[in-house]
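Per-entry structural report
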Amino acid sequence: MTPQCDFTQMPLSGKAGIGLRAQHLAEVVASPPAVGWVEIHPENYMGGGPALRAIERVRADLPVSLHGVGLSLGSSDGLSERHLARLGEMIDRLQPALLSEHLSWSAVEGKYLNDLMPLPYTEESLALVAAHVGLAQDRLRRRILIENPSSYLRYRHSTIPEAEFLAALVRLTGCGLLCDVNNIYVSGRNLGFDPAAYLAALPAEAIGEFHLAGHHVNPVGEGEILIDDHGSEVAEPVWALHRRALALIGARPTLIEWDCRIPPLTVLIAEAGKADALAAAALKERDDVRAA
Amino acid sequence: MSALRELQCAVGRAVLGLDEASIVEAIHGDGLEPAARLAIYRHHYLTSLTEALKAIYPVVCRLVDERFFAYAARGFIDKAPPREPCLFEYGVAFPDFLAELPAAAAVVYLPDVARLEWAINAALHAPAEAPVSRADFAQVPMADYPRLIFRLQPSLSFLASHWAVDRIWQANRPENETVGRLDLDDGGCRLEIRQQDDAVVFRRLDAAEFDFRKAIADGKSLEAAAAGVLASDPAFDLAKALHRLMGEGLIAGFQLSSPDPIA
């Protein structure tokens, strides 16, 4: 088992980072933006070639975080040896500051559903995910931050609340958590739970990164579903929830994600600046409270 | 079967569009129809994979238009779901699928344009290896030359078509403002596709050069590759062809074939 680690002492806890996508790669290589770090999906670069070489050039100027979407840690198919090996090669090559994946599954019966499918939260699935996280951490010789998913459904036979499931996963594997504030808000609205209570149930010391992103409100029949499309600015209620997270958890490396209808780089940099200002204000408030 | 396994198989079938009924019972409505919640995942599966195919096949999409492309992509996705998480690897069989698609039969060159786009995509995601130098090569005794088997740059591939797919591709790039005019009497072409510096390039080769390089790429020995070309082009200059291959940095390694092949 990997030893516990204090994520409050992280090298990236200065300025916020941005998700780096293909559209901005050449621009970022030519002139590194004034952000703290960048995060990439390793799956887009696993073949090699010019894009991976460009990421290596970015890596010379900015810390890089690897945010995997393909390990399928919750899959009863088991982990893909090929994918683990490729991820290991990518880690050796880029020496990322952070490594993260998702509490979800994507592959079943050998088919890859290209989505982060929700798990039922049971003792059985906890044992399976814990075994896979443990195996991946051993093979990659890295602690992995596990991200809370955005969900559009929940299963009747789930017995463990998601935040408690994540806390148990931390206890069982020594993994860290990636707290995606937008996902908490989206899932809370979609599945009817209180985002603030969810935040409070997460083990704060295990959280090693925050994610912030935009979502889309989609009318369905009489109601609505929030879609985690990463296609707009961070919504106001998500900033509010992030303020609460900062007060509860403290500052952590924070990332702005944007994956569809990708705007000019300056828009992402402005969002990262907003996250920095929010974190600075929250920390000052906390220090003032302590000093008083 | 475990409860988790059973659930994932059933959810998988619903997302793949095979069967939804067996899983609806296991999902909370929370104010909506469970089927409406499942439909979000089915929708994302289809649209995200269609986008992934469109990113690899932009010229095919332009040639047939968005609606037809979405129809063809949907058929392909249903027939050949992805098996790996890296989407740049998804869609190698799309050109063959298009060739079998009756509704696309009139666009005779479409499968070969798709093959060119796949070759470009594959070259874009291939590593670049250090080329073999003349000094590395000098150690091979002349007598062993016929048995040389080369490993070429991983990005390199070859495509022969009855159509001028290189011109069709150039004329129909998505960034072009107007759709290029096609002249089907242009004749065919033999193309070499490869990564060069940080871009992918392709060019036409003559028949002898194409056959030689393709035979080498297919793992034939230098002797076998040369024999194949010389049979149809007695004037083929093997030494010059080999020099060109090496001079362009396309040889990444070599070995000698067994002196006494069993077959």
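Sequence order sets the numbering: in each chain, residues are counted from 1 along the sequence as written. Chains carry letters and ligands carry numbers; both start at the beginning, A for chains and 1 for ligands, and go up in the order they are written. pLDDT decides what is reported in this predicted model: residues at 70 or higher carry local features, side-chain atom pairs at 80 or more are listed and counted, and totals for whole chains, interfaces and linings draw on all residues regardless.

Here's the deal with the overall build of chain B
A tally of helices and strands in chain B yields 12 helices and 5 strands. Looking at the 263 residues of chain B, the share that counts as buried comes to 35%. C-beta atoms are first placed from the backbone for all residues, and any pair lying within 7 Å is then listed as a contact. Across chain B, every contact between residues at least 6 apart in sequence was considered, and the portion connecting residues at least 24 apart equals 68%. For helices the rule is a DSSP run of H or I covering at least 4 residues; for strands it is a run of E covering at least 2, with both sets numbered from the N terminus onward. Think of it as a crowd count around each C-beta: if 20 or more other C-beta atoms lie within 10 Å the residue is buried, if 12 or fewer it is exposed, and in between it is partly exposed, with C-beta placed from the backbone throughout.

Description of the overall build of chain A
Each helix and strand in chain A was counted, giving 9 helices and 12 strands. Taking 19 Å as the expected radius of gyration for a compact globule of 292 residues, we find that chain A reaches 18 Å, a close match to that expectation. Once the C-alpha set of chain A is aligned to its principal axes, its extents read approximately 50 × 50 × 45 Å. For chain A, the proportion of its 292 residues judged to be buried stands at 50%. When we talk radius of gyration, it's over C-alpha atoms, and the globule rule is simply 2.2 Å times the number of residues to the 0.38.

A look at unusual backbone geometry
Look at A:Q95: it is not a glycine, yet its phi comes out positive at around 45 degrees. In this fold, A:Q95 is placed in the loop between helix 3 (81-94) and strand 4 (98-102). We note that B:D65 has phi near 80 degrees; this positive angle belongs to a residue other than glycine. By the C-beta count within 10 Å, which is 10 here, B:D65 ends up exposed.

A word on the domain arrangement of chain B
Residue and element names in this part refer to chain B. The assigned domain composition of chain B is domain 1 (1-107) and domain 2 (129-263). Boundaries between domains were set according to an automatic or database domain assignment. Just the C-alpha atoms count here: the centres of domain 1 and domain 2 sit 36 Å apart. Each side of the interface is counted separately: domain 1 has 4 residues, and domain 2 has 4 residues. Counted by class, the side of domain 1 that touches domain 2 contains 3 nonpolar, no polar and 1 charged residues. Nonpolar residues are Ala, Val, Leu, Ile, Met, Phe, Trp, Tyr, Cys and Pro. Charged residues are Asp, Glu, Lys and Arg, and all others, Gly as well, are polar.

Quick notes on the sheet that holds strand 12 (residues 254-257) of chain A
Residues and elements named next belong to chain A. Judged by pairing direction, the barrel is parallel, and its 8 strands sit side by side in the order 1-2-3-4-7-8-9-12 before closing back on the first. Taking the axes of each pair of neighbouring strands and ignoring which way they run, one obtains an average angle of 30 degrees across the sheet. DSSP bridges decide pairing: two strands pair if at least two such bridges lie between them. Sheet analysis places strand 4 next to strand 7 (residues 145-147), joined by 3 bridges and oriented parallel. By the bridge assignment, H102 is partnered in strand 7 with E147. Each axis is a line fitted through C-alpha atoms, taken for helices only over the stretch in contact, and angles between the N-to-C directions span 0 to 180 degrees.

Focus on the nonpolar core
Put simply, a nonpolar core is buried Ala, Val, Leu, Ile, Met, Phe, Trp, Tyr and Cys residues tied into one set by C-beta atoms within 7 Å. With 133 residues, the main nonpolar core has A:I146, A:L177 and B:V113 as its most contacted residues. By residue number, the principal contributor to this core is helix 7 (residues 110-124) of chain B, which donates 9 residues. Structurally, this core is a two-domain feature, drawing no fewer than three residues from each of domain 1 (1-107) and domain 2 (129-263) of chain B. The residues touching A:I146, leaving out its near neighbours within four places in the chain, are A:E101, A:H102, A:L103, A:V133, A:L166, A:L169, A:C175, A:L177 and A:L178. In this structure, B:L156, B:A225, B:A226 and B:L250 belong to the second largest nonpolar core, which totals 11 residues.

Let's talk about helix 3 of chain A
Residues and elements named next belong to chain A. In this scheme, a helix's expected span is set at 1.5 Å multiplied by one less than its residue total. Here helix 3 contains 14 residues, and its C-alpha end-to-end distance of 20 Å stays within 8% of the 20 Å for a straight helix at 1.5 Å per residue. Within the span of helix 3, buried status applies to H83, R86, L87, M90 and L94. Buried residues in helix 3, looked at end-on, bunch into an arc of 100 degrees, giving them a common side. Residues of helix 3 that are exposed and angled more than 90 degrees away from the buried face: E81, A85 and D92. For helix 3, the secondary structure elements touched by its buried residues are helix 2 (50-59), strand 3 (64-67) and helix 4 (123-140). Just downstream of helix 3, Q95 is the residue with a positive phi angle, here 45 degrees. This arc describes the spread of directions from the helix axis toward the C-beta atoms.

Details of the packing of helix 3 of chain A against helix 4 of chain A
Residues and elements named next belong to chain A. Where helix 3 meets helix 4, the axes come as close as 10 Å, and the angle between the chain directions of the two elements is 45 degrees. With respect to helix 4, the axis of helix 3 lies oblique. You can see that helix 3 and helix 4 cross each other, and the crossing is right-handed. For the pair helix 3 and helix 4, contact is made by L84, L87, G88 and I91 and by A136, R139 and L140, respectively. Of the residues contributing to the contact of helix 3 with helix 4, the split by class is 5 nonpolar, 1 polar and 1 charged. Should an angle fall under 35 degrees it is taken as roughly parallel, and over 145 as roughly antiparallel, whereas 65 to 115 is taken as roughly perpendicular and any remaining angle as oblique. Crossing handedness follows the turn of the near helix against the far one: under a right angle anticlockwise gives a left-handed crossing, and clockwise gives a right-handed one.

Examining the pairing of strand 5 (residues 105-108) of chain A
Residues and elements named next belong to chain A. As paired elements, strand 5 and strand 6 (residues 111-117) share 3 bridges and run antiparallel to each other. Across the sheet, V108 pairs through a bridge with K111, a residue of strand 6. Between the end of strand 5 and the start of strand 6, which pair antiparallel, lie 2 residues, with E109 showing a positive phi angle near 50 degrees.

Description of the interface of chain A and chain B
Contacts between the two partners involve 39 residues from chain A and, on the opposite side, 40 residues from chain B. Going through the elements one at a time, helix 2, strand 5, strand 6, helix 4 and strand 11 (223-227) of chain A are the ones with two or more residues in the side of chain A that touches chain B. Here the side of chain A that touches chain B gets 6 residues from one element, more than from any other, and that element is strand 6 of chain A.

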